[in-house]
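Reading the structure
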Amino acid sequence: MLKIALSHDIDRIDKSYQRITHSIKSIMKMDFKSVVFHLFSRNTYWGFDEIIHIESKYNVRSTHFFLNESIKLNLLKKPTYKLSLGRYSIYDNRIKEVILFLDKNGWEIGLHGSYNSYKNHHLLLHEKSVLEEIVGHKIIGTRQHYLNLNEETWHIQNYSNLKYDSSFGFNRTFGFKDKKISPFFPLNNDFIVFPQVIMDKPFMNDINKWQKLQTIFDESEENNGIVVINWHNNYFNEKEFPGYKKTYIRLIEEGLKRKAVFKTLGEFYKDFAPANVDLKILI
Ligand SMILES: [Zn+2]
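Residues numbered from 1 in each chain as written. Predicted model: local features only at pLDDT ≥ 70, side-chain atom pairs only at ≥ 80, totals over all residues.

**Overview of the overall build of the protein chain**
Helix and strand counts for the protein chain come out as 11 helices and 9 strands. The globule rule puts the C-alpha radius of gyration for 283 residues at 19 Å, and the 19 Å found for the protein chain is close to it. Seen along its three principal axes, the alpha-carbon backbone of the protein chain occupies a region of about 60 × 45 × 35 Å. With 283 residues in all, the protein chain has 39% of them scored as buried. (Helix = DSSP H or I, 4+ residues; strand = E, 2+ residues; numbered from the N terminus. Rg over C-alpha atoms; globule rule 2.2 N^0.38 Å. Buried ≥ 20, exposed ≤ 12 C-beta atoms within 10 Å, placed from the backbone.)

Spelled out as structure tokens, the structure:
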């Protein structure tokens, strides 16, 4: 049976400095209609209304990984520009409201561990407890921002009482990293890694994507895998990112054609967890 887990890394909710940078690019191309669009399109990154609408229509649910980035802008350090500018606060009322709505209606809330948390258990624990306070119960799953992973990360996550990670995968391409198709237990306990198989941009950029998708479906089905899809919330505005929303919808439809089972990663955790795990304490 084909299994699919839809997920969304929530990196940004507002278009901020991009309104200026994209406008400048449009001016260079003499595309003045786009200049106006970019300057006045602050809310195009929100995406939740579209996600909720699409997934409700197909009666599927996903996992949303929320970020609590604490890196501050340092004008002398260029890498901090992209990591800090235009990020949201986890305490933003809009974020709190959407988290509670999603949680109440069958979606899963997960932690999108901040850029440095993959090597800092104090930071990861802090972010997890802040999110748990907002949602009102335990969080069991995570994906690290930028898919940052080193040899310590799964230990840090496990120590933080997280039950699964979905950071193992590719940023610039898609498919099965290191030929790992089925979920695996890197610490030989009840901690599970669900490999990320497909991410939005690399999938969009591949002209043979639909052909490759069928091969991914076949291999996943044959090896008791889960096709984990990561589609960032900011890609759901068709004017801003043409084709992304349509492709996401088609991914769901291709899965349904194959009679796939769609579950959140938290639900799949319950299916894959060792028999001795007390599932009642999980969610
Ligand atoms: Zn991210």
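Alright, that's what it looks like, and here's the rest.
**Side note on the environment of lysine 119**
For lysine 119, the location among the structural elements is in the loop between strand E3 (108-113) and helix H6 (121-135). Lysine 119 gets classed as partly exposed once you count the C-beta atoms within 10 Å, which come to 15. In sequence terms lysine 119 and methionine 204 are 85 residues apart; their C-alpha atoms lie 31 Å from each other. Here lysine 119 is in contact with Asn150 and Glu152, once residues within four sequence places are set aside. (Contact = placed C-beta atoms within 7 Å.)

**A short note on helix H9 (residues 209-222)**
Its 14 residues give H9 an end-to-end C-alpha distance of 20 Å, which sits within 8% of 20 Å, the value for a rise of 1.5 Å per residue. Asparagine 224 occupies a position one or two residues after H9 and carries a positive phi of about 55 degrees. (Expected span 1.5 Å × (residues − 1).)

**Overview of helix H3 (residues 48-57)**
Taken as a whole, H3 has its buried residues at Phe48, Ile51 and Glu55. Looking straight down H3, one finds its buried side chains confined to an arc of 60 degrees; they lie on one side. Pointing more than 90 degrees away from the buried face of H3 are the exposed residues Asp49, His53, Ser56 and Lys57. A positive phi of about 55 degrees marks asparagine 59, the residue just after H3. (Arc of directions from axis to C-beta.)

**Quick word on the environment of tyrosine 58**
Residue position: tyrosine 58 is located in the loop between H3 and strand E2 (62-67). For the pair tyrosine 58 and glutamate 253, spaced 195 residues apart in sequence, the C-alpha to C-alpha distance is 8.4 Å. With residues near it in sequence (within four places) discarded, tyrosine 58 still touches Ile252 and Leu256.

**With respect to the pairing of E3**
Residues in a regular strand project their side chains so that they alternate between the two faces of the sheet. Of all 6 residues in E3, 6 are buried; the element is thus mostly enclosed. With 5 bridges joining them, E2 and E3 adopt parallel strand pairing. Bridge pairing in E3 links phenylalanine 66 to leucine 111. Relative to strand E4 (residues 141-144), E3 runs parallel, the two being bridged by 3 bridges. Note on E4: the bridge partner recorded for glycine 113 is glutamine 144. For the crossover from E3 across H6 to E4, the handedness is right-handed. (Pairing = 2+ DSSP bridges. Right-handed = clockwise from strand over helix to strand, strands pointing away.)

**Overview of the environment of phenylalanine 170**
Its place among the elements puts phenylalanine 170 in the loop between strand E5 (164-165) and strand E6 (192-193). Looking at phenylalanine 170, the number of C-beta atoms within 10 Å reads 16, which means it is partly exposed. For the pair phenylalanine 170 and proline 195, spaced 25 residues apart in sequence, the C-alpha separation works out to 9.3 Å.

**Some thoughts on unusual backbone geometry**
In the Ramachandran plot, lysine 179 falls in the positive-phi region, its phi being about 55 degrees despite a non-glycine side chain. In this structure, lysine 179 sits in the loop between E5 and E6. The residue asparagine 188 is not glycine, and still its phi comes out positive at about 55 degrees. Turning to its location among the elements, asparagine 188 is positioned in the loop between E5 and E6. Overall, asparagine 188 belongs to the exposed group, with 6 C-beta atoms counted inside 10 Å.

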